[in-house]
Amino acid sequence: GHPIAHHDRMTNSDNYGYYDRRIFGKLGYALSSRATLTLQARYFDSDLGFGKTEYGTPPSNISTLGRKFLIGPSLKMNISPTFDLHIAAYYDGLLGTFYSQGIGRSDSTLDTAGSVWKSQSNDVDVDAQAVLKLGSRNTATIGFDILDNMINFGPRRNPATGSLMYDPNAPDSLSDSANKSMINGGVYVQDEMRYGRFVGIAGARLDYNSVFGAAICPKLGLVYKQNDMFRLKFSAGRAFRAPSLGELYLPDIPINSGTTLVANPLLVPEYIWTLDGGPEFDFLRMMNVRIAGFYNYMNDLITQEVINQYYQQFLQNALLSHKNIENAWSAGAEASLQFRLPKWGMFFFNYTFTESENEQMHGPLDYIPQHTFNVGVYFGKAFGPVTVSGSILEDYMGSREYLDFQEAALHPLPSNPQDISPAYVTLPSYFRTDASVKIAYRMVWIGIEGLNLTNATIMEEAGTFAPPRFVWGRVGVKF
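Residue numbers here run from 1 along each chain, matching the order of that chain's written sequence. Per-residue local features are limited, in this predicted model, to residues with pLDDT of at least 70; the limit for side-chain atom pairs, both in listing and counting, is 80 or more; totals at the level of whole chains, interfaces and linings are taken over all residues. Side-chain metrics rest on all non-hydrogen atoms present in the structure, leaving aside hydrogens and water.

Caption draft 1: Geometry of the overall build of the protein chain. Only DSSP runs of H or I with at least four residues qualify as helices, and only runs of E with at least two residues qualify as strands; both kinds are numbered from the N terminus onward. Looking only at helices and strands, the protein chain has two helices and 26 strands in total. For every residue, the accessible area obtained with a 1.4 Å probe (protein chains only) is divided by the maximum for its type, and the residue is called buried under 20%, exposed over 50%, and partly exposed between those limits. Scored against the burial criterion, the 479 residues of the protein chain give a buried share of 31%. Within the protein chain, contacts between residues at least 6 apart in sequence are counted, and of these 59% link residues at least 24 apart. The accessible surface values rely on the Shrake-Rupley method and a 1.4 Å probe; as for residues, cover is taken only from the protein chains in view. Surface summary for the protein chain: the accessible area is close to 27800 Å², and the carbon and sulfur share equals 60%. Contacts are assigned to residue pairs that have any heavy atoms within 4.5 Å of one another.

Structure (structure tokens):
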């Protein structure tokens, strides 16, 4: 369970770039003074490079392409002074394409060849919420949401010939496809009760998943307000997450010469109990200070698993998948400070300390740092018809550890090759600087934003680096 030095996984720049095009549209229409109908549409188009294939002449690109389209209406209605209603429905289509390398078939021979894999998902999401004021002391919230998730996992093919790729785990040794669907939905109710200096919140949500059935998640909250300067807040609750269709049914996808991504249809839902609370101070409407402690306990948490396959005591392939662990926990404290700058903006500082444990491995949860903080300024000032606004942000992420199963596979083999004790690998801490500025004149505005302005080398996860310095401009018209 002791951490080892972080991996040096710097690579050359061949096919490690990306582009990401995004278009947003929003159209609102006031049906009346109490009802507004809104139509939203979004389009994303991206290409992310992961380098070159290891075999073949010439090497081909390993890339992930994504194309997403979302559209849907929403309706907000103030039916009466005591009754608000919100209804929304969306369609979301996503086409994912992965170019890599695999084993192709040519008569009775096995040859390394480029491969392409496509996945098409179609989601329909409907939700509604009603807020009712029941007298001067009670506010009830009732609602539901339904997500119908449908995915067509296509087979892997040779991009030049269109023929199916070789898959030793498939019944006919050829890459398989799968059409799967899952419905996630829930109904919930919450009552906010006021009595003197106390505000109590009691609620419950009934979740339903078409694969795993139903689960009840309660929620309790309490706020004590001494005066305008001091209050105490506490909350407790339970959350539920069913495994995704990809985690359950994704066909085998080689991601490099020695690693294959596989699904685990035996996964079960994960549950988490949460408890948090602490004081909050407001000084003369100028400064706000919050301090809180938290504790989370997780059952059947879904984590990464690697199953190493051997041939005559030599590592042949690593199957990257997911599994449930029995129990895990995290606990810590967080503090925040906000200082308002009259007529100019706000200064803020946030800090979080976290301890965690995967009780099966007796070490911390993957990628959870002990220390994180961010500090910055939001500003905005009007100069006649011209408004200047923006932000300067500094983020710190402490060192994180993760279980590296493939590192463990390089160690001497135990008597049972599957009984591998993975090592904890430490990723280094980093600072990141972001900034933005926006100038608006009447209905027209122009802005510039920058991420990682100091060009820091940031490894977010094992082998995955955050983009270097990234600056872009935006222009908009509001009418």
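Structure shown, so let's carry the discussion forward.
Caption draft 2: Up close: the pattern of salt bridges. When a carboxyl oxygen of Asp or Glu is within 4 Å of a side-chain nitrogen of Lys or Arg, the pair counts as a salt bridge. Per the stated rule, a full pass over the model turns up 15 salt bridges. Taking the shortest distance from any N to any O, the salt bridge between Glu192 and Arg194 comes out at 2.8 Å. We classify Arg194 as partly exposed; its relative accessible area is 32%. Beyond isolated ion pairs, a larger network of salt bridges with shared partners links Arg231, Lys233, Glu280 and Arg290.

Caption draft 3: Representation of the pairing of strand β23 (residues 444–451). A pair of strands is labelled paired if DSSP reports no fewer than 2 bridges between them. Sheet topology places strand β22 (residues 430–441) next to β23; seven bridges connect them, and they run antiparallel. Counterpart to Val437 in the pairing with β23 is Ile448. Across eight bridges, the pairing between β23 and strand β26 (residues 470–477) is antiparallel. Bridging from a neighbouring strand, Trp445 pairs with Gly476 of β26.

Caption draft 4: Region of interest: the side chain of Glu280. Turning to its location among the elements, Glu280 is positioned in strand β14 (residues 270–283). The class of Glu280 is buried, set by a relative accessible area of 5%. Only 3.1 Å separates the side chain of Glu280 from the side chain of Asn288, close enough to count as a polar contact. We define a polar contact as two N or O atoms separated by no more than 3.5 Å, with the added condition that, inside protein, one atom must be a possible hydrogen donor and the other a possible acceptor, whereas residues neighbouring each other in sequence contribute only through side-chain atom pairs. Polar side-chain contacts of Glu280 include one of 3.3 Å to the side chain of Arg290. Excluding its chain neighbours within four sequence positions, the residues that come into contact with Glu280 are Met229, Phe230, Arg231, Lys233, Asn288, Val289 and Arg290.

Caption draft 5: Molecular detail of the nonpolar core. In plain words, nonpolar cores are sets of buried Ala, Val, Leu, Ile, Met, Phe, Trp, Tyr and Cys residues tied together by side-chain atoms within 4.5 Å. Judged by nonpolar contacts, Ile62, Phe98, Trp117, Ile151, Phe153, Ala178, Met182, Leu245, Leu248, Leu250, Ile253 and Leu267 together constitute the single largest core of twelve residues. Of all elements in the fold, only β7 (138–153), β8 (178–195) and α1 (245–249) reach the threshold of two or more residues within this core. Those residues within four positions of Leu248 in sequence are excluded, and the remaining contacts are Met182, Phe212, Pro243, Ala263, Asn264, Pro265 and Leu267.

Caption draft 6: Spatial organisation of the environment of Asn324. Following the sequence through the fold, Asn324 ends up in strand β16 (residues 314–341). C-alpha separation for the pair Asn324 and Leu267, spaced 57 residues apart in sequence, amounts to 6.4 Å. A distance of 3.0 Å separates a polar side-chain atom of Asn324 from the backbone nitrogen of Val268. At 2.7 Å, the side chain of Asn324 forms a polar contact with the backbone oxygen of Asp300.

Caption draft 7: View of the packing of aromatic side chains. For Phe, Tyr and Trp, rings pair up if their centres lie within 6.5 Å, where Trp contributes its six-membered ring, and each pair is then called stacked (planes under 30 degrees apart), edge-to-face (over 60) or tilted (otherwise). Applying the stated criterion to the full structure yields twelve aromatic pairs. With 5.5 Å between their ring centres and 55° between their planes, Phe240 and Tyr271 make a pair best called tilted. Of the two residues, Phe240 is situated in strand β11 (residues 230–241) and Tyr271 in strand β14; the sequence distance between them amounts to 31 residues. For the ring pair Phe373 and Tyr396, a centre distance of 5.2 Å and an interplane angle of 20° mean the geometry is stacked. Of this pair, Phe373 sits in strand β18 (residues 371–383) while Tyr396 sits in strand β19 (residues 386–397), and the two are 23 residues apart along the sequence. Taking NZ or CZ as reference, Arg22 lies 4.8 Å from the ring centre of Phe44, over its face. Both a distance and an angle decide whether a charge sits over a ring: NZ of Lys or CZ of Arg must be within 6 Å of the ring centre and within 35 degrees of the ring normal. The ring of Trp445 has Lys438 sitting right over it, with the charged end atom 4.6 Å from the ring centre.

Caption draft 8: Region of the structure containing the pairing of strand β2 (residues 18–32). Here β2 runs beside strand β3 (residues 35–52); their pairing, made up of 14 bridges, is antiparallel. Across the sheet, residue Lys26 finds its bridge partner in β3, namely Gln40. From the end of β2 to the start of β3, which pair antiparallel, there are two residues.

Caption draft 9: Up close: the confidence of the model for the protein chain. For the protein chain, mean pLDDT is 87; residues scoring 70 or higher make up 88% of the total. As a per-residue quantity, pLDDT reports the predictor's confidence and falls between 0 and 100. Here residues 1–11 is modelled with pLDDT under 50, and outside its nearest four sequence neighbours on either side it reaches 30 contacts, counting other chains as well. Note that pLDDT drops below 50 for residues 408–419; the model gives that stretch 15 contacts with residues more than four away or on any other chain.

Caption draft 10: Up close: unusual backbone geometry. Of note in this structure, His362 is not a glycine but carries a positive phi near 55°. Of note, His362 is situated in the loop between β17 (345–358) and β18. Accessibility expressed as a relative area gives 61% for His362, which makes it exposed. One non-glycine residue, Asn455, adopts positive backbone phi at about 60°. Considering the arrangement of structural elements, one finds Asn455 in the loop between β23 and β24 (459–461). By relative accessible area, which is 38% here, Asn455 ends up partly exposed.

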